[in-house]
Amino acid sequence: MCVVLFIFCFFFLCFVFFFQAEDGIRDLVRSRGLGDVYKRQLINIPLDDKLYHRVYKAFGFTNVENLTDNGNITSLIYKKNNTNKLLENKIVLKVIPDYQNINPPFLGVNIIEDIRIEKVFEYINEVALIRGQWLFKKGSKTNEDYKNELDKIVYPKLDELKLLAKREKLIEPKCVYGYFPCNSDGNSLIIYKPKNISTNQLHSKWDLNLNSGIENFEEYCKFDFPRQNGERELCISDYFKPKSLNEFDVVSFQIVTVGQKASEYTAKLFQDGNFSNYLYFHGLSVECAEALAEYMHRTTRIELGINHNDATDVRKLFAQGYQGSRYSFGYPACPNLEDQSKIFDLLKPERIGVSLSEEFMLEPEQSTSAIIAVSYTHLTLPTSDLV
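Small disclaimer: the values here were computed from a predicted structure and weren't measured.

## Quick notes on the confidence of the model for the chain
Predicted coordinates in areas of low pLDDT are best not read in detail. Per-residue pLDDT for the chain has a mean of 78; in total, 71% of the residues score no lower than 70. Note that residues 10-94 has pLDDT below 50 and, in this model, 194 contacts with residues that lie over four places away or in other chains. Within the model, pLDDT remains below 50 along residues 378-387, and this stretch shows 36 contacts once partners closer than five positions in the same chain are excluded.

## Here we look at unusual backbone geometry
That bond from Glu-363 to Pro-364 is cis: its omega, 5°, falls within 30 degrees of zero. Its place among the elements puts Pro-364 in the loop between β11 (362-363) and β12 (367-373). Of note, Asn-196 is a non-glycine position whose phi angle comes to about 60°, a positive value. Mapped onto the fold, Asn-196 is located in the loop between β6 (188-194) and α6 (199-202).

## Section: the pairing of strand β5 (residues 174-185)
The buried fraction of β5 is high, at 10 of 12 residues. Alignment of strand β4 (residues 108-112) against β5, held across five bridges, turns out to be antiparallel. Looking at β5, one finds that Val-109 is bridged to Gly-178. Two strands pair when backbone bridges link them, and β5 and strand β8 (residues 249-257) are joined in this way by nine bridges, in the antiparallel orientation. Counterpart to Cys-182 in the pairing with β8 is Asp-249. The pairing of β5 with β6 spans four bridges and is classified as antiparallel. Within β6, the position partnered with Cys-182 by the bridge is Ile-191. Once β5 ends, the chain turns through two residues before running back antiparallel as β6, passing Gly-186 with a positive phi of about 70°.

Reading the values: rules and limits
- Residues numbered from 1 in each chain as written.
- Predicted model: local features only at pLDDT ≥ 70, side-chain atom pairs only at ≥ 80, totals over all residues.
- Heavy atoms only, no water.
- pLDDT = per-residue confidence, 0-100.
- Contact = heavy atoms within 4.5 Å.
- Helix = DSSP H or I, 4+ residues; strand = E, 2+ residues; numbered from the N terminus.
- Buried < 20%, exposed > 50% of the residue type's maximum accessible area, 1.4 Å probe, protein only.
- Pairing = 2+ DSSP bridges.

Below you can see the structure in the form of structure tokens.
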């Protein structure tokens, strides 16, 4: 019995980890679709005859294949002698940030504890929940059989658990987030704070704003990010104004949680051997945390005045149908979990019941942290490699 239970838990946790939405730098061509943080930031490059001629002359190739993603060029791969063999020679498309002049509603930190659970439910990714967490997949079923399974089993169970969570207050959404002046410096992102500010004031809304003058701020902390391997060589710091401009940019950090009760309830289900309901409610609580992060990211875009680029269909937001990107630590774009401690220093999430373990994991489990960038980027073909 213990062996069976161990195997079940192992595979369940593997599925949970694999299907969690991630925000990191991914390869657009080969990605499985979750967390493609640059997908909506690529602007189409018209390939006119002149550009083709320059490519041909530079490399002596007879054919050019454009790899596109929703009409946006992600790379140019060149073929020789009209064969299908892809060559290693590529022209690097340089990423050029289009920095936004953002005016946040405040600088500093804010706490929101009165978030309606119905609002969180609106942002649940049902595909991730049903197929990823609950493992209801179509597989070899016919469309009709799968629809019947969803209508008779899955959606009624989802409605039942939503009512349970609301009635018993098992989901208690809370968030602490903030806006901070920043600048990039190579692969680093420097965060600033007002000079001579007290600790209490530091973790609330500040009296200063971006127009208060650079001389009134000092370095607070610094994040170092890896640069992407491959043709674009991206780094999170690329999306913020460099220090050399002598002008602040804005970065947002957030930590959200659905509370300790969700973890306690799932733990009791597991201890009681009620594994089926454990799987259902644990999956729902995890996706509620993801939904809360999505909702607060939407709130951030509204406050920054860039929500006009949001997709009208909530489901398209899960495929990053909006301006900017949200990155979670522990994924390739920002792999250092130790940096969670810096976010804790910035936001003090203990005030909403979130703590950091010795392994730099958030507790309760159903909590997430993120760094948010808002700038666009566009791609350009460098001329130095072309004739």
